[in-house]
Amino acid sequence: MSAVLSIDKLNKRFGGVVVADDIDLQLGAGEVLGLIGPNGAGKTTLFNLISGVIAADAGNISLGGKRLDSLPVYRRARHGVARTWQHMRLFNSMSVLDNLLIAASSYPGESFWRLIAAGGSVKAAEARNREKAHAILTRMGLAPLAHTNVADITFGQQKLIGMARALMSESPLLLLDEPMAGVEGSAYETMRQIVAEEAASGRAICVVEHNVSFIRALCTSAIFMVRGRIIERGGVEALLESRALAELYFGK
Ligand SMILES: Nc1ncnc2c1ncn2[C@@H]1O[C@H](COP(=O)(O)OP(=O)(O)O)[C@@H](O)[C@H]1O
Ligand SMILES: [Mg+2]
């Protein structure tokens, strides 16, 4: 069986700075890969390369055996890359529910011509998206906030909405960029549980996170990245205890 995500010799530099240095990576269904490394290591850049926000200089990225690197972002979303953003990109003056509906993987109402051509099926698709959004919000305990503006909910709740937006797509691959940063209390517990459930349901998940207890609780393996290069990979405990990580990451 082929991996959900397969990356082969991926390279990228910004000017003179190497941000992806011969990266090889395989990720299977149900796996949760922790991506650890100091600021500027290239973690977010790797997500940008996978989701097609930026183009690689060299190398291949495949999803379920299908080459992604020649496809633009909107086609990649259709081929199954969902992600969250380190710096949330929510629409603050819109409701929680509308933020989810906008993120729906195919939102037929967005196309004027499709709307003209198929009014009825568009309505049905929108109804399905609404149902799905409500189900996700209910899972997160946020259903009562569906009609509240995003600006009026807590930071932790906003991070959950970022996650909820990613879950609107059925994509087999989920990229989470620092989902726990600044999240505490019940939002932390909800996020932890949602990630665990999504992995159990068979999604392949790659998560950038500095929160060690989160990585310990959820990741099935981890990689340690410095200056665009994977310098260690393996089991979570072994990696967290490695000397390279202690020296470079925690400054010990
Ligand atoms: N679009 C870009 N153009 C130029 N340099 C960038 C761009 N995006 C990121 N960088 C640089 O690439 C390096 C890696 O950044 P990033 O991937 O955001 O690191 P991380 O997420 O590991 O903290 C940094 O030096 C950053 O300044
Ligand atoms: Mg980052």
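Here, the structure is the one placed above.
Only a predicted model underlies this, so the values are computations on that prediction, with no experimental measurement involved. (Residues numbered from 1 in each chain as written. Chains lettered and ligands numbered in written order. Predicted model: local features only at pLDDT ≥ 70, side-chain atom pairs only at ≥ 80, totals over all residues. Heavy atoms only, no water.)

## Some thoughts on the site of ligand 1
Item 1. Near ligand 1 you find Phe 14, Val 19, Pro 38, Asn 39, Gly 40, Ala 41, Gly 42, Lys 43, Thr 44 and Thr 45, and these make up its full shell.
Item 2. Contact between ligand 1 and Lys 43: an oxygen atom at 2.7 Å from a side-chain N or O atom of the residue.
Item 3. Within the contact set of ligand 1, an oxygen atom lies 2.9 Å away from a backbone nitrogen or oxygen of Thr 44.
Item 4. When ligand 1 is considered free in solution it has 560 Å² of accessible area, and contact with the protein chains removes 58% of it.
Item 5. At 3 residues, the largest contribution of residues to the shell around ligand 1 is made by helix α1 (residues 43-51).
Item 6. When grouped by side-chain class, the residues that make up the shell around ligand 1 number 4 nonpolar, 5 polar and 1 charged. (Near = heavy atom within 4 Å. Polar contact = N/O pair within 3.5 Å; in protein donor to acceptor, adjacent residues only side chain to side chain. Areas by Shrake-Rupley, 256 points an atom, 1.4 Å probe, with all protein chains shown as cover. Helix = DSSP H or I, 4+ residues; strand = E, 2+ residues; numbered from the N terminus. Nonpolar A, V, L, I, M, F, W, Y, C, P; charged D, E, K, R; others polar.)

## So, the coordination of the magnesium ion (ligand 2)
Item 1. Coordination of the magnesium ion (ligand 2) by the protein involves Thr 44 (OG1) and Gln 86 (OE1), with metal-donor separations of 2.1 to 2.2 Å. With Thr 44 in helix α1 and Gln 86 in the loop between β6 (81-83) and α3 (96-103), the pair connects residues that are 42 residues apart, well separated along the chain.
Item 2. For Thr 44, a relative accessible area of 26% translates into the label partly exposed.
Item 3. The class of Gln 86 is partly exposed, set by a relative accessible area of 26%. (Donors = N, O, S within 2.8 Å, 3.2 Å for Na, K, Ca; no water. Buried < 20%, exposed > 50% of the residue type's maximum accessible area, 1.4 Å probe, protein only.)

## Considering the pattern of salt bridges
Item 1. A complete count under the given rule lists 8 salt bridges for this structure.
Item 2. The salt bridge partner of Asp 21 is Arg 229, with a shortest N-O separation of 2.9 Å. Placement of the pair is Asp 21 in strand β2 (residues 17-27) and Arg 229 in strand β10 (residues 229-234), with a sequence separation of 208 residues.
Item 3. Assessed through its relative accessible area of 39%, Arg 229 is described here as partly exposed.
Item 4. We note a salt bridge from Glu 170 to Lys 132, for which the minimum N-O separation is 2.7 Å. On the criterion of sequence distance, the pair formed by Glu 170 in the loop between α6 (155-167) and β7 (173-177) and Lys 132 in helix α5 (residues 119-139) is long-range, its members being 38 residues apart.
Item 5. Classification of Glu 170 by relative accessible area gives exposed; the value is 61%.
Item 6. Via salt bridges that share partners, Arg 139, Glu 197, Glu 198 and Arg 203 belong to a single interconnected network. (Salt bridge = Lys/Arg side-chain N within 4 Å of Asp/Glu carboxyl O.)

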